[in-house]
Amino acid sequence: MARAQKSTNLYAHPFSKAYWKDAAAELTDVKMLVVTALMIALRVALKPLAIPLGPQMSIQTAMLATALGAMIYGPVVAIPAAIISDTIGFMIYPTGDYFLPFVLTEIASTMIYALCLYRAKPSATRVIIARFLICFVVNVVLQQLVFAWQYTYLGNPEKAKDSILGIMTVARLFKNLFFFPIESVVLTLFLKVLVPVTAQAKLTYVHNANLQFSKKHIIALVLLVVVGIGSAAGYLTYYYDNNSITKDYSDTEVVEMNHTVHDIISVKETTLPENATVAVIEYASKPFWGKETTYTVALYQAVEGAEITDAMWSYKKTPASKDKNLTRLANVTIVTDNKTGEVVSYNIEYLK
């Protein structure tokens, strides 16, 4: 019995029975399943690779494989592909505690790409729409809701509440507004190169994709880039003004900086007991537009009979405050010049 020929129909939108019938048929196509496995492997391989643009800001290259795969195998295969790639990706590159519902963000992103690009004539408009939905629906809303779910599951309703309230925070909106036009351009150029290849391999069915930017696209994207740059500046200003730079310190840097501020204090305070004090940076403020860094430092003294150990120099705020071998001696504020490292101002308040 002759095998039914696979449909190569294109659709203007995904709201038809025939569209979903063709999408479901991909599950029975051995060639498509092999390609899906290759796309999953590529997606996992690209997972740790990113193009850094600033603190907490980088372009994830895995989105290229995600979009390309979704365009090829469609929304039905997209669900198991997202689940498998997310699970394997976490196993190989674990980050934090595993929480299964986070796979919903992977599924949503892959589905959006599929709904916009599968069995359709790829265009810059479709790519822009896909990236917009992912940036502002998945990254801003869905991801925070999953975080809230996780905190609720862990028995921390206050953090869950903060996650929900943080959906529309300035920082998150700025960050995604910055990335949206850049990622749209990168993805469009990527697909422009790959669509003819996939068509030649008979994985997609459009040889002349309209992945050119029209004047309207260019004007819109230029305006978005301008807004994005302004948003990035706003985000970085917000980030630096509301976060201690110590959160990005490595373990080695924590020890090094604690010693550095202790040396400054030792020069200023000549009466400190020798080898009996340790300095712990509790907060370090470095405004994005500023020229100085302000260190808020806790000076601790070893209790009678105890000694300052190497481990104490690696302390941050909370571990130091809980160490029963240390007693807080003073609060110190040190301001240094970012270029020269010189101390601009110094203030110490001894505790009674």
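See above for the structure.
Note that this is a predicted model, so its numbers are computed, not measured.

Some remarks on helix α3 (residues 62-92)
Here α3 is 31 residues long, yet its end C-alpha atoms lie only 15 Å apart, well below the 45 Å a rise of 1.5 Å per residue gives. Where α3 bends most, the angle comes to about 125 degrees, and this point is Gly74, followed within four residues by the proline Pro75.

As for empty space enclosed by the protein
According to the stated counting rule, one finds 2 cavities of 30 Å³ or more in the structure shown. For the largest cavity, the calculated volume is near 80 Å³. Along the wall of the largest cavity there are 13 residues; nearest its centre are Met71, Arg119, Ala120, Thr204 and Tyr205. Classifying every residue of the lining of the largest cavity gives 10 nonpolar, 1 polar and 2 charged. Every residue lining the second largest cavity is listed: Thr246, Tyr249, Val254, Asn258, Ile281 and Lys316. Of the residues in the lining of the second largest cavity, the class split is 3 nonpolar, 2 polar and 1 charged.

Regarding the sheet that holds strand β4 (residues 292-302)
The sheet built from 4 strands is open, its strands ordered β3-β4-β5-β6 with antiparallel pairing. At either margin of the open sheet sits one strand with a lone partner, and together these are β3 (277-285) and β6 (343-350). Averaged over all pairs of adjacent strands, the angle between their axes in this sheet comes to 20 degrees, without regard to strand direction. Sheet analysis places strand β5 (residues 326-337) next to β6, joined by 7 bridges and oriented antiparallel. Within β6, the position partnered with Thr336 by the bridge is Val343.

A few points about the pattern of salt bridges
The full count for this structure, using the stated rule, is 7 salt bridges. Arg119 serves as the salt-bridge partner of Glu26, at 3.6 Å between the closest nitrogen and oxygen. Linking Glu26 in the loop between α1 (17-25) and α2 (30-46) with Arg119 in the loop between α4 (103-117) and α5 (124-153), this pair joins segments that are 93 residues apart in sequence. Notably, a salt bridge pairs Glu282 with Arg328, separated by 3.0 Å at the nearest N-O pair. Here Glu282 is found in strand β3, whereas its partner Arg328 is found in strand β5, with 46 residues between them in sequence. Residue class for Arg328 comes out partly exposed when judged on its relative accessible area of 30%. Here the salt bridges share partners, and the residues they tie into one network are Lys6, Asp22, Glu26, Asp29 and Arg119.

Observations regarding the packing of aromatic side chains
Scanning the entire structure with this criterion turns up 12 aromatic pairs. For the pair Tyr19 and Trp20, a centre-to-centre distance of 5.4 Å together with 80 degrees between the ring planes defines the contact as edge-to-face. A relative accessible area of 1% places Tyr19 in the buried class. You can call Trp20 partly exposed: its relative accessible area is 34%. An aromatic cluster of at least three residues, connected via ring pairs, comprises Phe99, Phe102, Phe147, Trp149, Tyr151 and Tyr153. Its guanidinium or amino end placed over the ring of Tyr346, Lys268 lies 5.7 Å from that ring's centre, counting from NZ or CZ.

As for the layout of surface pockets
Its volume calculated, the largest pocket comes out at about 2000 Å³. Taken together, 50 residues form the lining of the largest pocket, with Gln60, Asn139, Gln143, Phe147 and Lys175 sitting closest to its centre. Those elements giving two or more residues to the lining of the largest pocket turn out to be α2, β2 (57-60), α3, α4, α5, α6 (157-165), α7 (170-200) and α8 (215-242). For the lining of the largest pocket, the leading source of residues is α5, giving 9 residues. Looking at the lining of the largest pocket residue by residue, the class counts come to 20 nonpolar, 19 polar and 11 charged.

Analysis parameters
- Residues numbered from 1 in each chain as written.
- Predicted model: local features only at pLDDT ≥ 70, side-chain atom pairs only at ≥ 80, totals over all residues.
- Heavy atoms only, no water.
- Helix = DSSP H or I, 4+ residues; strand = E, 2+ residues; numbered from the N terminus.
- Expected span 1.5 Å × (residues − 1).
- Bend = angle between axes of the 7 residues up to and from the residue.
- 1 Å grid on protein atoms, 1.4 Å probe; cavity = no way out; pocket = protein on both sides within 12 Å on 5 of 7 lines; lining within 4 Å.
- Points joined across faces, edges and corners; volume = space filled by probe spheres on them.
- Nonpolar A, V, L, I, M, F, W, Y, C, P; charged D, E, K, R; others polar.
- Pairing = 2+ DSSP bridges.
- Axes fitted to C-alpha atoms, helices over the stretch in contact; angles between N-to-C directions.
- Salt bridge = Lys/Arg side-chain N within 4 Å of Asp/Glu carboxyl O.
- Buried < 20%, exposed > 50% of the residue type's maximum accessible area, 1.4 Å probe, protein only.
- Phe/Tyr/Trp six-rings, centres within 6.5 Å; stacked < 30°, edge-to-face > 60°.
- Lys NZ or Arg CZ within 6 Å of the ring centre and 35° of its normal.

These values are about where atoms sit, not about what they do.
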